[in-house]
Structure formats: C-alpha cells, structure tokens
Amino acid sequence: MKFTHLNLRFALSVTVLCLSIFFSSLFAQDIKDYQAPQKILSLNGVSISDTLESEHFTEKYVLQFDQTLDYSNPESSTFKQRVILCHRGFDKPVIFVTEGYGASYALSSRYTEELAEMFDANIVFAEYRYFLESRPENESWDYLTAENAVQDLHSINTKLKELYNGKWITTGVSKGGQTTIYYRAFYPDDVDVSVPYVGPICFGVEDKRLSDYLDHIGSKKDQKKIRSFQKEMLKKRDLFLPDFEKYCKEKEYQFADSYSAIYDYCVLEYRFSIWQWGSSLDMIPSKSSSDKEKFDHFIAIADPSYFNIAGAAIDPFFYQAAKELGYYGYDTKHFKKLLSIKSSKDYLRHIFPPTDILPKVEFDDRLGKKVVDYIKNNDPKMICIYGEIDPWSGAALQKKQIKGKKNMFIYFQPNGSHLSRINNMPDDIKKRITDKLNEWIN
C-alpha cells in the first residue's frame, strides 16, 4: 500500500495517543518514588556512586556516607562507608540491614530480604566498617569497635530518616545479628522493631557455653558418628596430608602454622561446621567408604580456606572476635593422642589474621555486659531467631532473660541451623512471628 500524508498523520496520531496513555499511567503513580536521587543528594555527606538493577525494587543505588573514624574525637579523619539503598517508596517501611561483614552480595539484582517482601519495604543495607569498600585509609585497628560501628548506623539512620518516614526495622544475620542487638542497646530509639537472626552474644575469646552446647546437639549416636569420622581422619593423617597440602597449594592458601597443624584444626572445626550449616549426617562416609570419598567430604565440610591468611578480607572479624565479640574454642579431649598440635587453647590469636596484632589483643567483656544490662532493664520490640542445632545458639539470648517482658520474643527453629529464618520456621511459629510483626509495623 502506498504511504501517504494521511497515513503518516494517522500513524502520528496513534503514537501520540499511546505515549499519552503511557505517561498518564506513569505519572499516576506516586511521583516522589521517582525522585530518590535528587532527595538523596540533598543530604549532607551522602553521595551516589552507582545505580544498580533490581528484580524486586523500583530503584537501587550504591551510596557513600562520609563517616567519622573515631567518634570520641569529632576532629578525627573520615572514611567512606558503602550503603546499598533498595527503594520502593519514601512512605514505606525501611528494613535496615546491619551487616556484620561486606556488602558485595547485596549488589546482585536478585537481592532482597524476607522482611522487605513481607512488608513491601525499602532496604537500607550498611556495610560494616573496615570491610571491603568501607575500609579507612588509616587502617589503625583501634577504631574498629562495635561502638563506633553502631554510631555509623546511627549516622545513616539520622540522615535517611529525613526522607523515609515509615517504620524502621533493623535486622542482620550472624555477626550482623549481633550488630542488630548492639545497635538497639546503644541507640534504643533509632528504630521501631529489631529482628536479629542467629546473633550470639559471647563473653570470652573461647566462650565455654558454645562447647557445652555443642556437646548436647543431636543424639549420642550422632555425636559418636561425627567423632568417629574425626578420629578416622586423624589416624590416616599420613595418607591424607599430601593431598591436603596439594589442595592448599593449588588454592594458593597461606597459613600461620604448618600444614599438619592446620589439618588438625580442620578436623577440630569439622564438628562445629557440620552442625552450624545443618549438613546431613547421612553424608558422613562410613569406614568402608573409599579414601577419596572421605577426603572429599572432609574438605567439603571443613575447607582449609577458613584458616587462610593470604589477603583475608575477613581479618577485621577475627580482630573484633579477639577484642570484644568473642568466639569459640575446641574440645580436644577425645583426640589428644592423635593431634600433632600440643594444644588448641588460644588458637584464634595465633593462626588467624592479622597475625601480627592478635597475639597482643586482650578481650574486653564490657560489650556483652552492656547488652545483658540493656535487656534486663528494657523491653524493646525485638524478635530473636535462632537454630536449634546451630552451635552459636550456645551464646543466644536466654528466654529467662526476657521472662515477663511483653515485647521481646526468642524463637528456635526445630532442628534449625545457622540458616534459620522466619520463612523456614514451622507454620505455627511463623504465624506467631508474622502476626506480632504485623501488629508492630502495620
């Protein structure tokens, strides 16, 4: 058909009509939801370093916050803290993720949090100081404290509350769960609700409660099965050690002790790890299994990368564990005649990075005591999630500590590991949790 001016006029009319419908639909939505960049840039000390794609949020940005390195000295230098903002609306709730480590996984377009999906909420994800992109140029370890870290969170909260006026809910997992609890203890009025996941509160570099709890996870048959495999790996040290060394060299791991000593530590770590991540005990090879099956399973559960000191991005964690967060020790009584190391006591200070600093660090228990004192004298809206078979639950907040309180709840996922969340709770517990959160947030 010949294209005429009439055809052209008709085509343009249809195009204009379609565009008009499209833009009318677009602007019918809350226009402020499309002004996040302008509003964010109006905040003092906040910049946008990147725009990200998201499968769950209308807008997503990488923000940089100018933070004070030493809050006890306002004149001290500053550093840039990376914060991921997942935006849905300024009037919607905010899930404030108090991450304990780096923020890399939150950059994914698939990233979201279960609480954000439950309440159609925004996410503000704060990378912990000294990790990845939030590492100060002045790397003095003196300023890596939980108190400084929660003051970072207070600064982020204070600034973003100028824009986001919905309810604020803090949450975090593991060290992030610890941070959620510490943040509430130091700044109880910053947020409305706290939901820490699997966050232990330890009272020593080798908190004995963790070892005691570990001794009572599973049946006696389960404990025996794990211990038998550990003994098997120690008895066959001469057979497996060459493969162990080869594996570590191929991975370019470096250690603060001999391969034989690190092999011992991996065997000791095996029991903690298999329970922490809820691995099936049916996976444990029998004595009749091939040596390859045994070695492959051993590496899968207790990979020596845990003890690698070469370029370790996690070294700030070990410093804090030795200084104030606490950690766990190993029970060697069943293996004394099989180990090459004389003792595992104080191992954290001697085989983890930073190896030049940790031996000199003395533990300060005031942080844990502050949390206990805060819980004793307050009743914040807080729901703590733990896993029944997670060894870290040995340092969980105790139900006796919240007896008589109306707003504090502690739930253990039956047979749950360090991966325990609200969504994988049994239906009756999940309903109790979500009903209470709906009451608080909506």
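Predicted, not measured: the structure shown is a model, and the values here were computed from it. Per chain, residues are indexed from 1 in the order of the written sequence. Side-chain atom pairs in this predicted model are given and counted only at pLDDT of 80 or more, local residue features only at pLDDT of at least 70, and totals for whole chains, interfaces and linings cover all residues. Only hydrogens and water are removed before side-chain values are computed, so all heavy atoms of the structure are retained for them.

**Focus on the overall build of the protein**
Turning to step 1, where the next piece is worked out: Runs of H or I in DSSP of at least four residues are treated as helices and runs of E of at least two as strands, each being numbered from the N terminus. If you tally the helices and strands in the protein, you get 14 helices and nine strands.
Turning to step 2, where the next piece is worked out: Principal-axis analysis of the C-alpha atoms places the extent of the protein at approximately 95 × 65 × 50 Å.
Turning to step 3, where the next piece is worked out: Summary of the burial criterion: residues with accessible area below 20% of their type's maximum are buried, those above 50% are exposed, and those between are partly exposed, where the area comes from a 1.4 Å probe applied to protein chains only. When each of the 442 residues of the protein is scored for burial, the buried share is 53%.
Turning to step 4, where the next piece is worked out: Within the protein, contacts between residues at least 6 apart in sequence are counted, and of these 73% link residues at least 24 apart. The contact criterion used is simple: two residues touch if any of their non-hydrogen atoms lie within 4.5 Å.

**Quick word on unusual backbone geometry**
Turning to step 1, where the next piece is worked out: The omega torsion of the bond from Pro 353 to Pro 354 falls at -5°, within 30 degrees of zero and hence cis.
Turning to step 2, where the next piece is worked out: Of note, the phi angle at Val 198 is positive, near 40°, even though the residue is not glycine.
Turning to step 3, where the next piece is worked out: Counting through the fold element by element, Val 198 comes out in the loop between strand E7 (193–197) and helix H6 (208–214).
Turning to step 4, where the next piece is worked out: Residue classification places Val 198 among the buried positions, given a relative accessible area of 1%.

**Some thoughts on the nonpolar core**
Turning to step 1, where the next piece is worked out: Ranked by internal contacts, the top residues of the largest apolar core, which has 105 residues, are Phe 244, Phe 298 and Tyr 327.
Turning to step 2, where the next piece is worked out: In terms of residues, this core owes the most to one element, helix H9 (residues 259–276), which gives 11 residues.
Turning to step 3, where the next piece is worked out: Formed by 31 residues, the second largest nonpolar core is a distinct cluster that contains Phe 57, Phe 119, Tyr 411 and Ile 441. Throughout this description, the term nonpolar core refers to a set of buried Ala, Val, Leu, Ile, Met, Phe, Trp, Tyr and Cys residues connected via side-chain atoms within 4.5 Å.

**Some details on the pattern of salt bridges**
Turning to step 1, where the next piece is worked out: We define a salt bridge as a side-chain nitrogen of Lys or Arg found within 4 Å of a carboxyl oxygen belonging to Asp or Glu. Summed over all chains, the structure comprises 22 salt bridges.
Turning to step 2, where the next piece is worked out: Across the pair Arg 88 and Asp 120 runs a salt bridge, and its minimum N-O distance is 3.7 Å. Of this pair, Arg 88 sits in the loop between strand E3 (78–87) and strand E4 (94–98) while Asp 120 sits in the loop between helix H3 (114–118) and strand E5 (122–126), and the two are 32 residues apart along the sequence.
Turning to step 3, where the next piece is worked out: On the accessibility criterion, Asp 120 (37% relative accessible area) is partly exposed.
Turning to step 4, where the next piece is worked out: Close ionic contact of Asp 291 with Lys 236 constitutes a salt bridge, the shortest N to O distance being 3.0 Å. Here Lys 236 lies in the loop between helix H7 (220–235) and helix H8 (237–250) and Asp 291 lies in helix H10 (residues 291–301), a separation of 55 residues in the sequence.
Turning to step 5, where the next piece is worked out: One salt-bridge network, held together by shared partners, links Arg 88, Lys 92, Glu 117 and Asp 120.

**Some details on the packing of aromatic side chains**
Turning to step 1, where the next piece is worked out: Put simply, two rings from Phe, Tyr or Trp (the six-membered ring, in Trp's case) pair if the centres are within 6.5 Å, and we call them stacked under 30 degrees between planes, edge-to-face over 60, tilted for the rest. Evaluated as defined, the whole model comprises 41 aromatic pairs.
Turning to step 2, where the next piece is worked out: Considering the side-chain rings of Phe 318 and Phe 352, the 4.0 Å spacing of their centres and the 15° angle between planes classify their relative orientation as stacked. Linking Phe 318 in helix H11 (residues 315–325) with Phe 352 in the loop between helix H12 (347–351) and helix H13 (366–377), this pair joins segments that are 34 residues apart in sequence.
Turning to step 3, where the next piece is worked out: Note on Phe 352: relative accessible area 0%, which makes it buried.

**Comments concerning the state of the cysteines**
Turning to step 1, where the next piece is worked out: Pairs of cysteine sulfur atoms within 2.5 Å are identified as disulfides in what follows. All told, the structure shown has zero disulfides when counted by the stated rule.
Turning to step 2, where the next piece is worked out: Cys 202 forms no disulfide, and the closest cysteine sulfur to it belongs to Cys 384, at a distance of 14 Å.

**Comments concerning the packing of helix H4 (residues 146–160) against helix H5 (residues 175–186)**
Turning to step 1, where the next piece is worked out: With axes taken as lines fitted to C-alpha atoms, and helix axes fitted only over the stretch in contact, angles between N-to-C directions fall between 0 and 180 degrees. Taken N-terminus to C-terminus, the directions of H4 and H5 make an angle of 75°; their axes are 9 Å apart at the nearest point. One way to sum up the angle between H4 and H5 is to call them roughly perpendicular. Every residue of H5 that contacts H4 at Ala 146, Glu 147, Val 150, Leu 153, His 154 and Asn 157 is listed here: Thr 179, Tyr 182, Tyr 183 and Phe 186.
Turning to step 2, where the next piece is worked out: In the scheme used here, Gly and all other residues not listed as nonpolar or charged are polar, with Ala, Val, Leu, Ile, Met, Phe, Trp, Tyr, Cys and Pro taken as nonpolar and Asp, Glu, Lys and Arg as charged. Its residues assigned to classes, the contact of H4 with H5 comprises six nonpolar, three polar and one charged. For classification purposes, an angle smaller than 35 degrees is called roughly parallel, one larger than 145 roughly antiparallel, one from 65 to 115 roughly perpendicular, and anything else oblique.

**Thoughts on the sheet that holds strand E1 (residues 46–51)**
Turning to step 1, where the next piece is worked out: One bridge is not enough; two strands pair if DSSP finds at least two bridges between them. The sheet built from nine strands is open, its strands ordered E1-E2-E3-E5-E4-E6-E7-E8-E9 with mixed pairing. Looking along the sheet, the strands with just one partner apiece sit at the ends: E1 and strand E9 (408–413). Geometrically, the sheet is characterised by an average inter-axis angle of 20° between neighbouring strands, direction not taken into account.
Turning to step 2, where the next piece is worked out: Relative to strand E8 (residues 382–387), E7 runs parallel, the two sharing two bridges. If you follow Tyr 197 over to E8, its bridge partner there is Ile 385.

**Some details on the confidence of the model for the protein**
Turning to step 1, where the next piece is worked out: Residue-level confidence of the predictor is what pLDDT reports, using numbers from 0 through 100. Of the residues in the protein, 92% reach a pLDDT of 70 or more, and the chain-wide mean stands at 92.
Turning to step 2, where the next piece is worked out: In the predicted structure, residues 1–33 sits below a pLDDT of 50 and forms 13 contacts with residues beyond four places in sequence or in another chain.

**Quick look at H9**
Turning to step 1, where the next piece is worked out: Take the number of residues in a helix, subtract one, and multiply by 1.5 Å to get its expected span. Its 18 residues give H9 an end-to-end C-alpha distance of 24 Å, which sits within 8% of 26 Å, the value for a rise of 1.5 Å per residue.
Turning to step 2, where the next piece is worked out: When the local axis directions of H9 are compared, the greatest deviation, roughly 40°, occurs at Tyr 270.
Turning to step 3, where the next piece is worked out: In terms of burial, H9 is a largely internal element, 17 of the 18 residues being buried.
Turning to step 4, where the next piece is worked out: Taken from the residues just after H9, Gly 278 is the one with a positive phi, measuring 65°. Fitting axes to the seven residues ending at a residue and to the seven starting there, one defines the bend at that residue as the angle between these axes.

**Regarding the environment of Leu 281**
Turning to step 1, where the next piece is worked out: Note that Leu 281 resides in the loop between H9 and H10.
Turning to step 2, where the next piece is worked out: Judged by its relative accessible area of 11%, Leu 281 is buried.
Turning to step 3, where the next piece is worked out: Residues Leu 281 and Asp 222, spaced 59 residues apart in sequence, show a C-alpha to C-alpha distance of 7.5 Å.
Turning to step 4, where the next piece is worked out: Every residue in contact with Leu 281, bar those within four places of it in the chain, is listed here: Asp 222, Lys 225, Ile 226, Ile 274 and Trp 275.

**Focus: the side chain of Gln 151**
Turning to step 1, where the next piece is worked out: Positionally, Gln 151 belongs in helix H4.
Turning to step 2, where the next piece is worked out: For Gln 151, a relative accessible area of 18% puts it in the buried group.
Turning to step 3, where the next piece is worked out: Once you skip the residues sitting within four places of it in the chain, Gln 151 turns out to touch Tyr 71 and Tyr 187.

**Structural notes on H7**
Turning to step 1, where the next piece is worked out: Taking 1.5 Å as the rise per residue, H7 with 16 residues should run 22 Å; its terminal C-alpha atoms sit 22 Å apart, in good agreement.
Turning to step 2, where the next piece is worked out: The set of residues buried in H7 consists of Gln 223, Ile 226, Phe 229, Gln 230, Glu 232, Met 233 and Leu 234.
Turning to step 3, where the next piece is worked out: Tucked into the core, H7 has its buried residues touching H6, H8, H9 and H10.

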